[in-house]
Amino acid sequence: MLQSIAFIAIAESLLLDEKILSYVEKQHGLTARHRLESWDDLMRLERSIPERDKLQQVNDFFNQLRFVSDESHWQQKDYWATPIEFLSTNGGDCEDFALAKYFTLRELGVSDKKLRLTYVKAIKLRQAHMVLSYFETPSSEPLILDNLDAEIRRASLRRDLVPVYSFNGKGLWLAKEREQGRLVGKSSRISRWTDIIKRMQSINK
Amino acid sequence: MTLYRQIVLVVVALSILMFAGTAIIKVQDTQRYLSSQLESHAQDTATSLGLSLSPQMANNDDATMISMVDAIFDRGYYEDIVLRRITGEVIWSRHSDVNIEGVPAWVVGMLKLEAPEANSIIMSGWQQGGEIYVKSHPGFAYRTLWNTITNMLWWFSGLTVVLLLIAGVAVRLLLQPLNRLEAQALSISDRQFDEIKEIPRTRELRNLIKAMNYMTGKVKQMFEQQSESTEKLRSLAFQDPLTGLQNRRYFDAALNSILNETEEHQEGALFLVQILDLQAINQRLGFDAVDELLKATGEILRDCLTDIDDTIVARLSGGDFAIIIEHINEERSGELANEICRRLMRLHAEDMIDTDNVCLTGVAMYSTGMSYSDVLSRADNALQTARVQGVNTCFVYAAPEKVDDVVPGRQEWIDIVQEAIASENIILHAQDVLSADKNNLLHKEVLLRLPGPNGVVWTAGMFLPVAEQIGLARELDQIVIKKVLTEFCQSAMASHVAINISAASLYQPEFLSWFESMLEKAGAPATEVVFELPESTVVRDIDSVHKLANIARQYGYGFAVDHFGRGMTAFGYLKSLRPDYVKLDGLYMTDLVNSPDDRFFVGSLCKVAHSLDITTIAETVENDEQLKVLRELGVDGVQGFGIGRPAPL
């Protein structure tokens, strides 16, 4: 019962309305609008298809976007964009990829218990990195959704990554939002964005 | 309730309200803050434990994990830490009871602090190996909360006390002028018209005090004006403007009243003094010279009477003067008449008159009960007899012999009085004094009687003149006072009484000390006892009267003035003496019904007395017409044959 209510709430809240679309079009051009519309289409996927297919489609959709560092993209060291910001600007870093995938999969009905945001070390790049892990069962080996590797692979096959720690997405997002919520409000970067973030927060409560 | 107490209530109520309001907000705030602190504390611990346990989980090293949990739990402040495998199996669990020292149980019960739980995943390589569950201990938070509340309570109590102290001082300072105002108002009702000198700085109070001062001044002025106008009115109505002596109206009324008196002044004398041929002098010397002559005559007559109590000097018309002396015998009258003639003859030597045919004096002795016209015509006869004798002579007509042979002669009176004093055998009668509506008995005026042979009772008027002449009036007064105080006034059921004190008593220095010791011995009376003194005595020896009044008041007795308004005196003495009541002289009653002047004058006398809160009583009220007029004029009490005749006390 609770789950179904949460589901409806998510479904209602993440569906984009015309106001947002036309605003994004005005700010970032028609292609940005098309990206959002495609995301919208993605979220209207049949809920009943196998989760493995959902993972595939979502991973493929977001991996089309450009990888940009926060510093060059947002002029901030560590900025967690919302999926809408991420799509509108056609770029983001590993956290933005992982989060956008996380939110979209949650929207598509994947349980929160199965999704973990995992901090890893990318050995070759010698960089801290983040991926989205999918656990079929709590104790099973996860599948890794990564923007560095277009394929979804089992964790044991990702020899290039060393796992550090995992969080459940909701808690981590909220913790991050607590500091970023202030930022968004303060920089008054368009009330509509604030609005969206608030709506995204409210989904997860 | 005093203003200060009201302010205290308001301050305390406000403090409680403010404390309650602030406490609720503050406690909720602190509660929220502490909750979030507890939450982040729990989450931080869960995250860092999760992170540091992950490598041990990968190695399946339970022992190290348990040690690490113990280390964190023991060093920190936690209610619960539970370590589970991902399968749900508990590896290790620690718990401590929520036991908060120094915080009352009801606070813990009422202010629920939800210590939030936090959990974190423990990784085992890529896989989830387990879960850590952490709950912070709320004890510290409870203590913080409790300290917040108690601190606040102390602060508020302290502030309330400070506020109350400030309010107390402020109220006292603010109310000081009001206290002075109260004192002023009270002293106004005592007819003391003092102004407040210290004007307060508070504007409202300053205006109030100024207004009060203004009003005080006005009231004082009004009071003085009223008293003055009454005096002026009386002099217009009863005074001869040229000589300042009484006029014919006053003379007539006074003589009537004296002759109708039953209790006093048995024997007196009426002198008629005539300046001869005034018309001729007028023609020879002119108006001014006549006026001067008449004034000089007035002066001489007054001068001759300075040493004699209870005299009335009046100018009847033209060169006709009259003197009434209430206590005098025939012999003394003759001497006085001679002296008057001699003194008036000197006017010729002083060139006030151009002839040595100056005057004639006729004297008629009278006794109460004789008619006005009888006395006047006897005096006139005496004057005619003197005229026959020759100019500048006098003639004294003795009082007519008593037909009633029961009445004793002079020597017999002396014996009667001395016998009464020696045996203290006197009879007390009393006359009722009623309220003007005749519904209440105000008091009984005690009257002295002496027993005669065969049950005859002598009234005071018969023996008092003799007693006064032989200097025994004081003894009679003392016996009356003693009898009334020791015998009559001992019962609370007894009615209120008034006792007369004669002028003769007051003039004897021993009397006052006897009076004081008598009152002291008798103690406060069970009923109201008032001592009455005639106005003439009051005016003549105001100091002794003050002493007497003070003694009376000191022992709980009253003091009153009899024959109020008889003399031509100012009423100033009323203000300082404050008698309990005044008895308006019978002089104004004779003509009261017919004379608007008399009515107006009696009304004014009442107003003067009432303005000082002094009760007024009318004497010698004889009929209902008088009573009706007196009521209209505002007289408070009435006495007289029309009200009630004297009866044994």
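In this text the structure is predicted, and so the values were computed from the model without any measurement. (Residues numbered from 1 in each chain as written. Chains lettered and ligands numbered in written order. Predicted model: local features only at pLDDT ≥ 70, side-chain atom pairs only at ≥ 80, totals over all residues.)

A. Spotlight on the overall build of chain B. When you go through chain B residue by residue, the secondary structure sums to 20 helices and 19 strands. Counting only residues that meet the buried cut, chain B has 38% of its 649 residues in that class. Here the contacts in chain B between residues at least 6 apart in sequence split such that 69% fall between residues at least 24 apart. (Helix = DSSP H or I, 4+ residues; strand = E, 2+ residues; numbered from the N terminus. Buried ≥ 20, exposed ≤ 12 C-beta atoms within 10 Å, placed from the backbone. Contact = placed C-beta atoms within 7 Å.)

B. Focus on the overall build of chain A. For chain A, the helix and strand inventory stands at nine helices and seven strands. For chain A, the residues scored as buried account for 34% of the 205 residues in total. Long-range pairs, those at least 24 residues apart, make up 58% of the contacts in chain A with a sequence separation of at least 6.

C. Molecular detail of the confidence of the model for chain A. All names here are of chain A. Averaged over all residues, the pLDDT of chain A is 76; the fraction at 70 or higher stands at 73%. Least confident of the elements in chain A is helix H1 (residues 2–14), whose mean pLDDT is 37; most confident is strand E5 (residues 143–145), at 94. Considering only residues more than four positions removed or in separate chains, one finds that residues 181–197, a stretch of pLDDT under 50, has twelve contacts. (pLDDT = per-residue confidence, 0-100.)

D. Quick peek at the interface of chain B and chain A. Taken together, the eleven residues of chain B in the interface contact nine residues of chain A. Looking at the side of chain B that touches chain A, the elements with two or more residues in it are helix H1 (3–58), strand E3 (117–124) and strand E4 (127–136) of chain B. No other element matches the three residues that H1 of chain B contributes to the side of chain B that touches chain A. Residues that form the side of chain B that touches chain A fall into these classes: five nonpolar, six polar and no charged. (Nonpolar A, V, L, I, M, F, W, Y, C, P; charged D, E, K, R; others polar.)

E. Here's a closer look at the sheet that holds strand E7 (residues 320–325) of chain B. Residues and elements named next belong to chain B. Here five strands make up an open sheet; going across it, the order is E6-E7-E5-E8-E9 and the pairing mixed. Both edges of this open sheet fall to strand E6 (311–317) and strand E9 (394–397), since each of them pairs with a single strand only. The sheet shows a mean angle of 15° between the axes of neighbouring strands, taken without regard to direction. Bridge analysis of E6 against E7 gives six bridges, and the strand direction is antiparallel. Bridge pairing in E7 links Ile 312 to Ile 324. The strands touched by helix H10 (residues 372–389) are strand E5 (267–275), strand E8 (359–367) and E9; relative to E8, the strand with the most contacts, the crossing angle is about 145°. (Pairing = 2+ DSSP bridges. Axes fitted to C-alpha atoms, helices over the stretch in contact; angles between N-to-C directions.)

F. Structural detail: the sheet that holds strand E6 (residues 153–154) of chain A. Residues and elements named next belong to chain A. The strand order across the open sheet built from five strands is E6-E5-E4-E3-E7, with neighbouring strands paired in antiparallel fashion. The open sheet has two free edges, formed respectively by E6 and strand E7 (161–168), since each of these has just one partner strand. Summarising the sheet, E5 and E6 pair through two bridges and their orientation is antiparallel. Within E6, the position partnered with Ile 144 by the bridge is Arg 153.

G. Focus on the environment of Ala 296 of chain B. Residue and element names in this part refer to chain B. Note on placement: Ala 296 falls in helix H8 (residues 287–304). For Ala 296, a count of 18 C-beta atoms within 10 Å puts it in the partly exposed group. Considered as a pair, Ala 296 and Thr 243 are 53 residues apart in the sequence and their alpha carbons are 8.2 Å apart. If we ignore the near neighbours within four places in the chain, the residues touching Ala 296 are Leu 347 and Met 352.

H. Spotlight on the nonpolar core. Within the largest apolar cluster, 133 residues are counted, with the highest numbers of intra-cluster contacts made by Leu 270, Val 363 and Phe 463 of chain B. Aside from chain neighbours lying at most four places away, what touches Phe 463 of chain B is Trp 413, Ile 416, Val 417, Leu 450 and Trp 458 of chain B. Phe 62, Leu 105, Val 120 and Leu 145 of chain A belong to the second largest nonpolar core, which has 35 residues in total. (Core = buried A, V, L, I, M, F, W, Y, C linked by C-beta atoms within 7 Å.)

I. Examining helix H12 (residues 460–469) of chain B more closely. Burial of H12 of chain B is extensive: eight of the ten residues sit out of reach of the surface. Turning to H12 of chain B, the residues buried within the fold contact E5, helix H11 (410–423), strand E11 (441–451), strand E12 (457–459), helix H13 (473–488) and helix H14 (503–507) of chain B.

J. Up close: the pairing of E8 of chain B. Residue and element names in this part refer to chain B. In terms of burial, E8 is largely enclosed, as eight of its nine residues are buried. Here E5 pairs with E8 via nine bridges, running antiparallel. Within E8, the position partnered with Phe 271 by the bridge is Val 363. Bridge count between E8 and E9: four bridges; the pairing is parallel. Within E9, the position partnered with Val 363 by the bridge is Val 396. Read from E8 through H10 to E9, the crossover connection turns out left-handed. (Right-handed = clockwise from strand over helix to strand, strands pointing away.)

K. Structural view of the packing of helix H7 (residues 278–285) of chain B against H8 of chain B. Residue and element names in this part refer to chain B. The N-to-C vectors of H7 and H8 enclose an angle of 130°; their axes lie 7 Å apart at closest approach. For the element pair H7 / H8, the angle class is oblique. Here Leu 278, Ile 281, Asn 282 and Leu 285 of H7 come into contact with H8, specifically with Phe 287, Ala 289, Val 290 and Leu 293. Residues of the contact of H7 with H8, tallied by class, amount to seven nonpolar, one polar and no charged. (Parallel < 35°, antiparallel > 145°, perpendicular 65-115°, else oblique.)

L. Seen up close, unusual backbone geometry. Residues and elements named next belong to chain B. Unusually for a residue other than glycine, Asp 277 sits at a positive phi of about 50°. Following the sequence through the fold, Asp 277 ends up in the loop between E5 and H7. Positive phi, normally seen in glycine, also occurs at Asn 392, with a value near 60°. Along the chain, Asn 392 turns up in the loop between H10 and E9.

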